[in-house]
Amino acid sequence: MISTLRHFVVDSWLGRIIALLIFLAFVGWGVGDVIGSYNGSQIDTAARIGSRQIGGQDLAQAIRNEMPRVAQQMGLNDPSQVPADVRQQVAQGVLQRMIAQNEVLAFADRNGMKVPDALVRNEIFGMSVFHGTNGRFDRALFDSKLRQIHLTERDLLAKVRDDIGARNLLDGLGNSMIVPGSVLDQLVAYNTREHRIDLLRLDSTAFAVPAPPEEAQLHRFYDNHPALYRSAEYRHAKIVILTTDSVARTLTIPDADLKRYYEFEIQKYDVPETRSLEVLTLQDRKAAETILAAWKDNGDWQAIQARDPSAAAVAFPNARQADIPSPELAKAAFTAPKDAIQGPIESPSGWIVFRVTTITPPHKTDFDHAKEAIRDEVARAQAPQILGGRVASLQDAIAGSADLDQIPTNLGAVPAQGSLDAQGLTKDGEMAPLPGSDAVRKAIIARIFSQKKGEKPSLVNGPEGSAFAVLVDEVEPGHVKPYDMVREQVGHDWLKAQQLHLADERATTLMLAARKSGGLAQAVAGTGDAATMQKDLVISRMQNAGLPPAVLSEIFATKKGQTGMLAVGDTLYVFTLNDIAPANPESTKALRDSMRGQLQDTLRADVPVVFVHALETEIKPVPNMPVLQQALKLGTGQE
């Protein structure tokens, strides 16, 4: 449902039309050829949702309109190349989105919610796809675009009206939500509750062992811990790996296609001057002048934001002049010097104070210099679709090769061989140079160490669409290294074990004494540990004093007045929980404000999702199965 809302609210119907027009222009197809028309009688209703209905023709056309975008994402030049199973998924997604939209609109109809004509007009007039060379709405261009997509003006107005109505209803629901004060109070109290402890850290490496080990002791330690001195098992394997990257490297992209991509993405390669800005907007000029003076004195962006909570703070990283929504700010910012704090300037949204932090001059990358990067990008986009066919060919090749030496080179499969252990390390301790991502590498290593020596290789489907085959031709079993070879390591391990034992004994003694005497402070009084004990250390879920998570969990689970002990690595921790108290409200104000904002954003995002989910049970779709099935077939190109 979140995905449905994202497509419905963010990727509005008009947005998809504009994206479709741009995409069609890029690949060089005729819009009419792709969209077409049914040239037949009016198709009946595919589904009814309250006062609304989804026409079979509208559903089929919406599915067909979605196919070019899906094809582009898959790196295909023609939507007809989209696999049948993907077409079915696209069709179901479009249907779900249309049902969700109509459920919201049916609710609006039932409650008398209407979108004013002026709002529809302003929305259409603001769409850049209908703007002429002067940057304003062009009626002739508007009519031309509608003819291109076989849409009447009345239909467009209706769809824009529906889009505004549904979007504003959901946005209004989300924006009306506020965080209950009681909930915020509990969350802040939980996260800032202060646990005051006395804490002693015992570093086991600082403990001195009374006497050096005798040889018999080291031998006994060696015999009791054979796993510490066992060499790794190494396996020599031949491997063939096919990934999207390896397939992409074999693809040849015509220069004409690369040139079209370059022209389509020209904004990436012909970049005007950009500037990074820090902006504060206030409603009162006097307040703006005050904050301007304070900012000039301090210069710190974070500090100036905290100075006046009513100031709306926003940063524009690497913005073009056209990217800045306020014309007044855009004009001032692109004439201002770097690092000079400017303002206040008046705008419809308030009084603006700003600073330009970076200025990047305009730069252009010509096609010849961009071509190689474009080729890689286009090839990587096309490779996932081509990978499926290559996997089938690789499977046939592996079936006819017992030693993986007869694999065709034109498939893009990468051969590799060598010895490695179960961690993927060579005998030199280096990471084995296996192709692919970490996930692919782990899958290959797991296969090498689960496959029997000499077993006939077979194709394995790996992560991220990859495929590989393994032939294990040599196994070098692990073995316990001779004592004389590891004598130095045994001595080190024995010493570390003894130190840890001494530290554990000391920590246990202190813990028992603290429990008997009323606390750690009393237990260490008069001992050398008193100087290193931390007295009344304050711990909370927002203030951890650098303690390991396991220790923090133990502290939070301990009752007031009790003493606990925990070992983490080479360190043992002994603590007494002296008190648990709420934090000072003044110290939690910043956290409270931050948490309120985060919870507010979460509520505003979640409420529309819950609302649409509730509508699914209240306004149930009534399908007309023959028309619905026919529309899905037409949309997916099955007829």
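Residues numbered from 1 in each chain as written. Predicted model: local features only at pLDDT ≥ 70, side-chain atom pairs only at ≥ 80, totals over all residues. Heavy atoms only, no water.

Notes on the overall build of the protein chain
- Across its full length, the protein chain carries 23 helices and 17 strands.
- Dimensions of the protein chain, computed from the C-alpha atoms along their principal axes, are close to 95 × 80 × 55 Å.
- When the 639 residues of the protein chain are sorted by exposure, 40% land in the buried category.
- Of the contacts formed within the protein chain by residues at least 6 apart in sequence, a portion of 72% connects residues at least 24 apart.
- When the accessible surface of the protein chain is split by element, carbon and sulfur atoms take 52% of a total near 34500 Å².
- Taking the average location of the 67 positive side-chain charges in the protein chain and that of its 77 negative ones, the two points are 4 Å from each other. (Helix = DSSP H or I, 4+ residues; strand = E, 2+ residues; numbered from the N terminus. Buried < 20%, exposed > 50% of the residue type's maximum accessible area, 1.4 Å probe, protein only. Contact = heavy atoms within 4.5 Å. Areas by Shrake-Rupley, 256 points an atom, 1.4 Å probe, with all protein chains shown as cover. Lys, Arg positive; Asp, Glu negative; His and termini not counted. Charge placed at Lys NZ, Arg CZ, Asp CG, Glu CD.)

Looking at the sheet that holds strand β11 (residues 414-420)
- The antiparallel open sheet is built from four strands, whose spatial order is β11-β4-β13-β12. In this open sheet, the two edge strands, each paired with only one partner strand, are β11 and β12 (460-461).
- As defined by bridge partners, strand β4 (residues 234-242) adjoins strand β13 (residues 467-476) across nine bridges and the pair is classed as antiparallel. In the sheet register, Ile241 faces β13, and the bridge partner there is Phe468.
- Sitting on the sheet, helix α17 (residues 367-399) touches β4, β12 and β13, and the angle it makes with β4 is about 130°.
- Against the sheet, helix α18 (residues 438-448) touches β4, β11, β12 and β13, its axis set at about 45° to β13. (Pairing = 2+ DSSP bridges. Axes fitted to C-alpha atoms, helices over the stretch in contact; angles between N-to-C directions.)

With respect to the sheet that holds strand β3 (residues 194-203)
- An order of β14-β3-β16-β15 is seen for the four strands of this open sheet, with the pairing classed as antiparallel. Edge positions in the sheet fall to β14 (534-539) and β15 (563-568), since each has one partner strand and no second. Across this sheet, the average inter-strand angle for adjacent strands is 35°, counted without regard to direction.
- As judged from the ten bridges shared by β3 and strand β16 (residues 571-581), these two strands associate in the antiparallel manner. By the bridge assignment, Ile197 is partnered in β16 with Leu577.
- Contacting β3, β14, β15 and β16, helix α21 (residues 549-556) runs over the sheet at an angle of about 165° to β15.

Description of α21
- Taken together, the buried positions of α21 are occupied by Val551, Leu552 and Ile555. The arc enclosing the buried residues of α21, seen along the axis, measures out at 100°, which places them on a common side.
- Summarising the contacts, the buried residues of α21 are in contact with β3, β14, β15 and β16. (Arc of directions from axis to C-beta.)

Section: the packing of aromatic side chains
- This structure, assessed with the given rule, holds eight aromatic pairs.
- With a centroid separation of 5.4 Å and an interplanar angle of 75°, the aromatic rings of Tyr222 and Tyr483 are classed as edge-to-face. Highlighted residues: Tyr222 in helix α10 (residues 215-224) and Tyr483 in helix α19 (residues 483-517), separated in sequence by 261 residues. Here Tyr222 matches Tyr483 in class, with each residue buried.
- For the ring pair Trp295 and Trp301, a centre distance of 5.5 Å and an interplane angle of 35° mean the geometry is tilted.
- Using a relative accessible area of 0% as the deciding quantity, one classes Trp295 as buried.
- Site record: aromatic cluster; members linked through ring pairs are Phe125, Phe130, Phe137 and Phe142. (Phe/Tyr/Trp six-rings, centres within 6.5 Å; stacked < 30°, edge-to-face > 60°.)

Some words on the packing of helix α12 (residues 255-264) against α17
- Direction vectors running N to C along α12 and α17 enclose 100°, while the axes themselves pass 9 Å from each other. Taken as axis vectors, α12 and α17 run roughly perpendicular relative to one another. Contacts from Asp255, Leu258, Lys259, Tyr261 and Tyr262 in α12 reach Phe367, Ala370, Lys371, Ile374, Arg375, Glu377 and Val378 in α17.
- Grouping the amino acids of the contact of α12 with α17 by side-chain chemistry returns seven nonpolar, no polar and five charged. (Parallel < 35°, antiparallel > 145°, perpendicular 65-115°, else oblique. Nonpolar A, V, L, I, M, F, W, Y, C, P; charged D, E, K, R; others polar.)

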